Amino acid sequence: MDHQEFRIEGRNAVIEAIRAGKPIDRLYILDGCQDGPVLTIKREAKKLDIFIKYATREQLDRMSETGHHQGVIACAAAYEYAEVDDILKKAEDKGEDPFIFILDGIEDPHNLGAIIRTA
């Protein structure tokens, strides 16, 4: 299994990652932003003692890999890729039916987030 660190960009993607228990190393938020979704992200992050760093729009633009950060970027802790056999085994161990969806060519992380939420 391979270990990677990655960035999660955008308000919905970040709040869903936090709520799903994804380990977040650092959270960058646009300095001075006080709208509802950002306040929710800050509140959830504080509950979990996630380090919050405030940044300018220019700093966030430079950090962004997608150009669609919406004033929020989370640096997620390393994760492990799973093989299909690992997923099937885990479902079997839990006595559950496996739930797998396979995607190819996803270019916009917001589309991936919408697919995951729908699934």
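One structure accompanies this document, and this report is about it. (Residues numbered from 1 in each chain as written. Predicted model: local features only at pLDDT ≥ 70, side-chain atom pairs only at ≥ 80, totals over all residues. Heavy atoms only, no water.)

### Considering the overall build of the chain
Working step 1: Along the backbone of the chain there are 5 helices and 4 strands.
Working step 2: Moving toward the C terminus, one meets the helices and strands of the chain in the order β-α-β-α-β-α-β-α-α.
Working step 3: Projected onto the principal axes, the alpha-carbon positions of the chain cover approximately 50 × 30 × 25 Å.
Working step 4: Expressed as a percentage of the 119 residues in the chain, the buried residues total 29%.
Working step 5: The contacts of the chain with a sequence gap of at least 6 include a subset with a gap of at least 24, amounting to 70%.
Working step 6: Positive and negative side-chain charges of the chain, numbering 16 and 23 respectively, have mean locations separated by a distance of 10 Å. (Helix = DSSP H or I, 4+ residues; strand = E, 2+ residues; numbered from the N terminus. Buried < 20%, exposed > 50% of the residue type's maximum accessible area, 1.4 Å probe, protein only. Contact = heavy atoms within 4.5 Å. Lys, Arg positive; Asp, Glu negative; His and termini not counted. Charge placed at Lys NZ, Arg CZ, Asp CG, Glu CD.)

### Notes on helix 2 (residues 36-47)
Working step 1: Counted at 1.5 Å a residue, the expected span for helix 2 with its 12 residues is 16 Å, and the 17 Å between its end C-alpha atoms agrees.
Working step 2: Looking only at helix 2, the buried set comprises V38, T40, I41, K42, E44 and A45.
Working step 3: Phi turns positive one or two residues past the end of helix 2, at D49, with a value near 55°. (Expected span 1.5 Å × (residues − 1).)

### Considering the nonpolar core
Working step 1: I8, V14, I24, L27, I41 and L60 are the most contacted members of the largest nonpolar core, which has 24 residues in total.
Working step 2: Contributing elements (two or more residues each) for this core: helix 1 (11-19), strand 2 (24-30), helix 2, strand 3 (51-55), helix 3 (57-63) and strand 4 (72-80).
Working step 3: If we ignore the near neighbours within four places in the chain, the residues touching I8 are A13, V14, A17, I24, V72, I73, A74 and A76. (Core = buried A, V, L, I, M, F, W, Y, C linked by side-chain atoms within 4.5 Å.)

### Considerations on the pattern of salt bridges
Working step 1: Taken as a whole and judged by the stated rule, the model has 3 salt bridges.
Working step 2: Between K47 and E44 there is a salt bridge, with its nearest N and O atoms 3.3 Å apart. Of this pair, K47 and E44 both sit in helix 2, separated by 3 residues, roughly a single helical turn.
Working step 3: The residue D93 makes a salt bridge to K89 at a minimum N-O spacing of 2.8 Å. Taken together, the residues D93 and K89, both in helix 4 (residues 84-94) and 4 residues apart, mark about one turn of the helix.
Working step 4: Overall, the relative accessible area of 55% leaves D93 in the exposed class.
Working step 5: Here K89 falls in the partly exposed class, since its relative accessible area comes to 44%. (Salt bridge = Lys/Arg side-chain N within 4 Å of Asp/Glu carboxyl O.)

### Some points on the side chain of H69
Working step 1: As for its position among the elements, H69 is in the loop between helix 3 and strand 4.
Working step 2: If we skip the residues at most four places from it in the chain, H69 touches E9, G10, R11, R57, L60, D61 and S64.

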